[in-house]
Each structure stands twice: as C-alpha cells, then as structure tokens.
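Below are the chains, spelled out letter by letter.
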Amino acid sequence: MTTTATASPEAKTTGQKIGALFLQYGMVWALILLVIVGSFVYPRLLTFINIRNFLGQSAPVGIVAVGMTFVMIGGGFDLSVGAIFALGAVVFASLADPLGLWVAGLVVFLAAAACGVVNGFIVTKLKVNPFVATLGTGSAFGGLAYIYSRSAPITPSDYAFQDLGTERWLGWPISVWIMVVVFLVGGFVLAKSVYGRSIYAIGGNNEAARLSGLRVDLLRGSTYVLSAMCSGLGGMILASRLAVGQADMGSTIALDAIAIVVIGGTSLLGGEGAIWRTAIGLLIIAILTNIFDSLAVSTNYQLVVKGTIVVAAVAWDVYARSLRT
Amino acid sequence: MPEGMASQTMGRPASPGGPLAIDARSVEKRFGGTLALTGVSVCAEVGSINALVGENGAGKSTFLGVIAGRVVPTTGSVSIFGNPLAFGNPRLSRQQGIAAIYQELTIVPALSAVANVFLGQTVSRAGLLSERGMCDRFLELSAQLKVSIPPGIEARHLSVADQQMLEIMRGIQSRARLILFDEPTTALAPPERESLFAIMRELRRGGTTMVIVSHNLDEVLDIADSVTVFRDGEVAHAAPRSEWTKRDLVRAMIGHDLVEPSSRTPFAGKAGAAPLLSATGVSLPGALEGIDIEVRPGEIVGIGGLVGSGRSSLLRALSGFEPKSTGTLAIDGEAVPWPKTPRMAILAGIALVPEDRKTQGLVLGMSAMANITMPNFGGVASLGVISDRRMASSARGVARDFGFDENRVGTTVRNLSGGNQQKVLLGRWRYSLPKVLLVDEPTRGIDVGAKEEILVTLRRLAAQGLGIIVVSSELEEVVQMGDRVLVLSEGRAVARLDAAHAPIKVKDILEAAFKVAKHDHDRDGLSRG
C-alpha cells in the first residue's frame, strides 16, 4: 500500500518511530549499507561506467520484475515469466530479418499477451492455484520456445537487431531508458490509477473487492497479461544485447524476478507492496551480483547466496507483519 | 443467582486459603504502538464462573489470550493454580489444565465431528487411536449438551451453530480445570445457549473454573459468579455478581450512563409507494424454498429467524453470491435478470454489507478512505488517475454523516475498532448509493455504544430513499429497526409482520420461528404465512 499518513491519536515515542521507520524502510537501509560496504570491497562500484554496466545487465530482469510486482500485489504468482522471456527472445530473433524489427517486436508483444491471457484464464476461470498453473504453463511455453527455435540459437543478420540492447542515448543504454520508463509508468499506474488501486483491493481482500462490484477476475487476469508482456520485452532486450535468440535464455529469470520483488518488501500474500520497492530490490541484487563478479566469486556460490537472501527476505516480511498485528 | 460461590477476591490480589485458579498481576501487552493491556490484575477462585465484559478493544480478548497461552504479555506475571503460566505456548497451557474456546471457529472442515472434538488430544490405547473410546465420549458429551450431531459427519456439512457446539465440546472433553470461553453464544439459538449454560453450571459443581467473555449482559448476569469490567485496557471495576446490575455494567463499560435507546423511528417513505425491490420464488437448493420479499423506498425490512433458517442465504442469493439460486427479480417495477454475480447485483442496484467484516467486507491493509470509495474509484479520479484529495474529501463527507472521526479517514482499517470498521463498511454505500442495501448482522461484535449509532445510521440511509433489508441474531434489533419483518424457518417464509398493523414483538418472531421447528418432519402440512 502506498504510505498513508496515519493520524493516530496516541503520540508515539521516538524509539517507536525509529522502529516503525526501520520496519517500513528496512530494505532501503540494507541497500545503503550494501553500497557503503561494497565501495570498500570494490572501489570502482560507484563509477559511471560500472553503474552503466550493471544497470544495462539488469534491465531485462528488472522489467520482468515490474510485471511480477503487479501479479504479486494482486495476490498471484507467476512462474512462467522465464519461458515467456525465452519465447520473446527467439520470436524476436527469428522474425527480425523477414519482418523487420518493429513488426517483430509487435508480434512478440501479441504472443506474450496471448500467453498472459492463458495464464489469467487458468488462474481466474479454472481456479487453478497460480503457483501450479504457471509452473505448468511455464513448462508448456518453454517447450514451445524450443520447438519454435528447433533448439538452435537464432542469429539475425541485421546489425540494427542489437540496438535495443547495446545502443546508447544521452550516454545511457537504450535498454536502461526503457527500464526506467517501465518502472516510472508501472509505479504511477500502481500508486495513482484506478486500475492500480483496484489491484491492491483484490490482492488485499478478494471477497471484499468482489462485493464492492470490482471485476475481480478480469483485474486479476490482466496482471498476468502485464507480467507476460514485460517478460516478452525483457526477452527481446536480452536477445538484442547478446545478438542471438535462444530458448534457454530465461532459465533463471523467474527466480531472479521473484527475488527482486520480495527483497524489495512486496508481500507474497498480496495487497501490499510498491514499484519503488521493486526498484530497491533490483538495485540490491544488481549491486550484489556486481560485487561478487568483481571478486570473481563463482556463480554457483552466488546462487546459494541469492536463494538464502530470498528466504531471509520473506521470513523478515512475515516477522515484520507479526509485529504490526 | 448462583449460590455458595464465594468469589469475593475477584480483582483483589492475594487471598487466604488455597491457590487461586487465576492470579494475574500487572499484565501489560503492547501491540506495535498501542497498549492493549495496561497493568491488569485479575484473580479468580477455583470453581467459579468469571465474566469479562467491556467494549470492543477494551482488552478482554487479549487478556483471555494471555491466559490461554496464545498471547505473550510485555510485562507482568500470571499464576494458574499456584504455578507460573508458560506464556505463548498453547500446548503447555493445555497441559496445565487450560482449555480455550475461541470466538473464531477453529474447526477443520474436512475432518469428522469426532475428530474435530479430539483434535490434538486423541484418545489412544497402546499408541493406537481408540475410535471407539472417542466416539463413546462424543456421544456422552452430545447427550450432556442436548445436541444430536452425527459423530462421523464431516464438519464442513455442519451449520455454524453446530460447529460452535463442536468447539465447545472440544473445550470440555479434556476435563480441563480452567476453561476459557470467548463469546461462545454469538452463533447459538436460545435453546442451545440454555444447554451450554446448564453444562457450565454442572462443570462448576465439579470444581471447574471458567472465564467467559461476552457482549450479552443478560447472559453474563445469568451465569457468572463475578464480573470484571474492562475499559481502555484496564480493569474498570471487578465485583461479585450480586453487586452488579445491568445498568451498572453498562456504566462501567462506557464510563458514563447510556442514553436510553430511542424508540423506533417510524417508516420514512410513502405508505403506498411501489416496491423498489420485488423478488419472488427465491430458492437455493438445501437452503431456501420459494421466498417472496419486497422492499419499498425508505423502508427497513427485518428478517427474523434462528441460525440456519436461511436468513443469510436469502441476502447472499439476492446479492449474487449464490450462483445456484433462482428466482425472479424486479427493481423499480422493471424485471431484471436474476443476479448470478455480485457485480450483476450491484449494477441492478443491490449491495450487500456482509456478516463478516474482516474476511468479506474490508481490505484491512488499505486506508478507510480507499475502503469507502472502493465501489467506484472512478468517482474520485479523472482519466483513470486517482486524486487522493478528492478521495479524502468524499470520505470525510461520509465520515461526518456517520459519526466517524473525519480526521481518521487516512488510517489503515486494520487499526480501527470494530464499530468504526463497521461504519467504514456502511459508509461505502453512502458514498456509492445503491437502491437496495442488504445488511447482514450489522452489530455483531460491536460494543454497546457503537451499536446504537450503527442502527441510527441505517435509519438515516433509509431516509435517503434506500430500501434496506436487515438480518440480525439480536431479535430486539430486528424489532427496533423493522418496518416489516419476514420470519424464516428452515428456508421458508413462515410469517410476515407489519409494524403498521400492530407493534412487532420479539415473542411473535420466536413463536413463528419455533412453530415450524416442532413440525420438522411434516413439511407438506405447512403453508407460507
């Protein structure tokens, strides 16, 4: 929920205020601490080139995380983002030469939206638990990506194919600009629009929202479409960045995106969270990865650390909730 | 008045003789920034029934939670039968001889009635479950409570009242020395309440100590040996039953005298007006059979009947919550399709204020103003963008009308008291006016002071030209509010009372409701009233 000014009648002591600030903005403090410690361990952390580098690297997964935030605040879960991500990459790469980049991009958006509609339909109309539903569709969409690409990397000959991932504008990669726009638009829609407030309502209490006359199935279903379209876009950017579309590209995307969202402090139970939190989560993961890479820590260790952080973040969320109620 | 129960020590720590059943001293409990209990000291003698009363949020349920081992106090000490209580460990509390019966049902729907009663404390012989032993004990308890629940039935098929009975059986089956009841009678009909009280008196004869939290003051004065009144997290006053009158209790609870409930405001609409809502042949398999109901503008129609009579089902069917229901519906004299979803009902002009505020009504994590404007966020937005300023000013208007502090519209609903939560829920339909408002148990779990305000609020909504249908277990409320009352029994309409012809009495409703219950087995011989 957006931070509402609570006009609580009883005055709080300074200690309680600090405690509440800590609970609510814990991850912001964690990020600041990480930056400070990280600057000692890796002095180049805050140089322009390094920031540009790690932001560019994390743009695809960051965009996926924005869509995931909508799904999770709406009380859902989407494990199929990795598969849709890969599908976006291979479709974009395969159609770039015959249809041109713009048409190829449009086809990716349509295909991703179709995947999202399937997810939304299964979750809201067939009432399959979102975890199981998207685990299943994720397998199916992933399979389609392999079938479509015949399990081979697709390399378009058009050099412009790489613009999306590597070209710069005003000194920053286009992919970073796109990510920033997605975050800003997503944050605005979620916090300020009728649609966004309705998503909070269905995630916070589906029955209450239904009784108020909200179109709960349509709203919930739409979050899966948004998530899928973000995944498709993320896939296109990565394919462009690497100049190749490959069906195995999205294998770690789902876990990473979920990690970013929950580390930011958006609740797994729905109804609470925010896009700025996802931005914090993204920075934490991106900087952590950047520091580990600079220290040449093997990705296997990084996986262990990331997994641990996700579980710890969720445990922290549960604990912080228990203090409030 | 119970005799021979010397419980003069309530509220006075330290007594001569044996250890006290409960000896709580200076118990304090803090939830986040709020103090739920501030230095509460309570004593209870062995073998007495002790009632805790107080307005919502006064701290009585929290205190009960401390004794039950569910809530860990911030400071303070509690001894049970002379031994220090293990805080925050329900299992150890159980081993100390404490059993708790909670207001929120803790029934496992997929387990049998027997299994629910013996949940967590199965009777076993040499490590094997003794189905036979449990079943025998179950039947023994059923006989004591005068209920007939088949032992093997899955709990999900039972009514709320029967589930509450299972909960009570679970509490007493373990032969605990100290039993805590948190509002055990809210879901029970009068005969069931009576058998519960009978068994409580029997347990007392056997030396069991009991603590009961209740909003029903008549009930408290009927059963308890001593009464402790909580107010704002403190013990306002504790005294033996003989020193209390109902008036004293109310005064102690709210800190001042209660204004006598205003007599029934008369029907505000035009007498001969065409009905706003007219539903005929409302049926729902297993719950409702061909009910006709009409509401005119400005009119409040009360639904009378016992638990399980189909009162709530009727409201749910009319508001699109029962897709399997059938019937014909006309709004403002025009036929509309039978609502199959809540949205269809709302578009037709019918809104429901559900019985369960927290799970069906409110989004607890959102602010009061967002909850109020939820049916139509678009009303405080332009081009799809919400204006917090317009949302707040709309909500403030509603708050002023409903006696809810307008400066608290930004407060997260979770942090509001039950009465204020209910005002927010009703305020939603003041913001977005339907034609007909269906209200299920508007005053459940709300303290005495706020109750009257809620009833006045409903009357005020009716004066706007709304038609209102109210369901309440408190038949006095149905009588106080209803311009007409429709009495249901076993899913059928059995009587229609009209205040315009003769004043409606609680007795009339009960008689109508019970007449049918007695002739349960010959359904065909009944005619609709």
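Procedures and definitions
Residues numbered from 1 in each chain as written. Chains lettered and ligands numbered in written order. Predicted model: local features only at pLDDT ≥ 70, side-chain atom pairs only at ≥ 80, totals over all residues. Helix = DSSP H or I, 4+ residues; strand = E, 2+ residues; numbered from the N terminus. Buried ≥ 20, exposed ≤ 12 C-beta atoms within 10 Å, placed from the backbone. Contact = placed C-beta atoms within 7 Å. Axes fitted to C-alpha atoms, helices over the stretch in contact; angles between N-to-C directions. Parallel < 35°, antiparallel > 145°, perpendicular 65-115°, else oblique. Nonpolar A, V, L, I, M, F, W, Y, C, P; charged D, E, K, R; others polar. Pairing = 2+ DSSP bridges. pLDDT = per-residue confidence, 0-100. Left-handed = near helix turned anticlockwise from the far one by under 90°. Right-handed = clockwise from strand over helix to strand, strands pointing away.

Examining the overall build of chain B
- When helices and strands are tallied, chain B shows 17 helices and 24 strands.
- Burial status across chain B gives 49% buried among its 529 residues.
- For chain B, the proportion of contacts with a sequence separation of at least 24, taken over those separated by at least 6, is 67%.

What about the overall build of chain A?
- When its secondary structure is counted, chain A shows 13 helices and 2 strands.
- Principal-axis analysis of the C-alpha atoms gives chain A an extent of 65 × 55 × 35 Å.
- Expressed as a percentage of its 325 residues, the buried residues of chain A come to 50%.

A word on the environment of phenylalanine 230 of chain B
Residue and element names in this part refer to chain B.
- Structurally, phenylalanine 230 is set in strand β11 (residues 226–231).
- Under the C-beta neighbour-count criterion, phenylalanine 230 is labelled buried, with 27 such atoms within 10 Å.
- Residues phenylalanine 230 and leucine 52, spaced 178 residues apart in sequence, show a C-alpha to C-alpha distance of 7.1 Å.
- With residues up to four places along the chain from it excluded, the contact list for phenylalanine 230 reads Leu52, Gly54, Ala58, Gly59, Lys60, Val235 and Ala236.

Description of the packing of helix α2 (residues 48–73) of chain A against helix α10 (residues 216–242) of chain A
All names here are of chain A.
- At a minimum axis separation of 8 Å, α2 and α10 run at an interaxial angle of 180°. In terms of axis orientation, α2 runs roughly antiparallel to α10. Where α2 abuts α10, its residues Ala59, Pro60, Val61, Ile63, Val64, Val66, Gly67, Met68, Phe70 and Val71 lie against Thr223, Tyr224, Leu226, Ser227, Met229, Cys230, Ser231, Leu233, Gly234, Ile237 and Leu238.
- Looking at side-chain class alone, the contact of α2 with α10 contains 16 nonpolar, 5 polar and no charged residues.

As for the sheet that holds strand β9 (residues 178–182) of chain B
Residue and element names in this part refer to chain B.
- If you walk across this open sheet you meet the 6 strands as β6-β9-β10-β3-β11-β12, and the pairing is mixed. The sheet is open, and its two borders are formed by β6 (98–101) and β12 (234–240), each paired with just one other strand. Within this sheet the neighbouring strands show an average axis-to-axis angle of 15°, counted without direction.
- Here β11 pairs with β12 via 6 bridges, running antiparallel. Bridge pairing in β12 places arginine 231 opposite glutamate 234.

What to know about the sheet that holds strand β14 (residues 288–295) of chain B
All names here are of chain B.
- Spatial ordering of the open sheet is given by β14-β13-β16-β17, a layout of 4 strands whose pairing is antiparallel. For this open sheet the edge positions go to β14 and β17 (334–336), each flanked by a neighbour on one side alone. The sheet shows a mean angle of 20° between the axes of neighbouring strands, taken without regard to direction.
- In terms of strand pairing, strand β16 (residues 326–331) meets β17 through 3 bridges, oriented antiparallel. Residue leucine 329 lies in a different strand from β17, and its bridge partner there is valine 336.

Quick notes on helix α8 (residues 194–204) of chain A
- Burial analysis of α8 of chain A places 10 of its 11 residues in the buried class, which makes it a mostly covered element.
- Among all positions of α8 of chain A, only Val194, Gly196, Arg197, Ser198, Ile199, Tyr200, Ala201, Ile202, Gly203 and Gly204 of chain A are buried.

As for the confidence of the model for chain B
All names here are of chain B.
- Per-residue confidence for chain B gives a mean pLDDT of 80, with 86% of residues at or over 70.
- Predicted confidence for residues 1–16 stays below pLDDT 50, and this span has 36 contacts to residues more than four positions away or in other chains.
- In the predicted structure, residues 516–529 sits below a pLDDT of 50 and forms 13 contacts with residues beyond four places in sequence or in another chain.
- Prediction confidence for the complex, expressed as pTM and ipTM, is 0.73 and 0.81 respectively.

Quick word on the pairing of strand β23 (residues 484–489) of chain B
Residues and elements named next belong to chain B.
- Taken across its 6 residues, β23 has 6 buried, putting it largely inside the fold.
- Neither face of β23 is left uncovered, since the one carrying Arg484, Leu486 and Leu488 and the one carrying Val485, Val487 and Ser489 both have all their residues buried.
- Bridging between strand β15 (residues 300–304) and β23 involves 4 bridges; their strand directions are parallel. Looking across to β23, one finds that glycine 304 is bridged to valine 487.

Some words on the packing of helix α3 (residues 81–99) of chain A against helix α4 (residues 101–124) of chain A
Residue and element names in this part refer to chain A.
- Relative to each other, α3 and α4 sit at 150°, their axes nearing to 8 Å. The orientation of α3 relative to α4 falls into the category roughly antiparallel. Like other packed secondary-structure pairs, α3 and α4 cross with a definite hand, here right-handed. Residues Ile84, Leu87, Gly88, Val91, Phe92, Leu95, Ala96 and Leu99 of α3 form the contact with α4, whose participating residues are Leu101, Val103, Ala104, Gly105, Val107, Val108, Ala111, Ala112 and Cys115.

Things to note about the pairing of strand β10 (residues 209–213) of chain B
Residues and elements named next belong to chain B.
- Most of β10 is tucked away, with 5 of its 5 residues classed as buried.
- Every second residue of β10 is oriented toward a common face, with Thr209, Val211 and Val213 on one face and Met210 and Ile212 on the other, all of them buried.
- Sheet analysis places strand β3 (residues 49–54) next to β10, joined by 4 bridges and oriented parallel. By the bridge assignment, isoleucine 49 is partnered in β10 with methionine 210.
- For β9 and β10, the ladder comprises 5 bridges, and the chain directions are parallel. The residue of β10 that forms the bridge with leucine 180 is valine 211.
- Regarding the hand of the β-α-β motif, the stretch spanning β9, helix α6 (residues 190–205) and β10 is right-handed.

Section: unusual backbone geometry
Residue and element names in this part refer to chain A.
- Unlike most non-glycine residues, lysine 127 shows phi in positive territory, near 55°.
- Positionally, lysine 127 belongs in the loop between α4 and α5 (130–149).
- Phi is positive for serine 151, close to 60°, though the residue is something other than glycine.
- Structurally, serine 151 can be placed in the loop between α5 and α6 (163–166).

So, the confidence of the model for chain A
- When pLDDT is averaged along chain A, the result is 89; 94% of the residues meet or exceed 70.
- Between residues 1–11 of chain A, whose pLDDT stays under 50, and residues either more than four places distant or in other chains, the model counts 20 contacts.

Overview of the environment of valine 132 of chain A
All names here are of chain A.
- With respect to the secondary-structure elements, valine 132 resides in helix α5.
- The class for valine 132 is partly exposed, based on 13 C-beta atoms found within 10 Å.
- Linking valine 132 and leucine 79, residues 53 residues apart in sequence, is a C-alpha distance of 8.6 Å.

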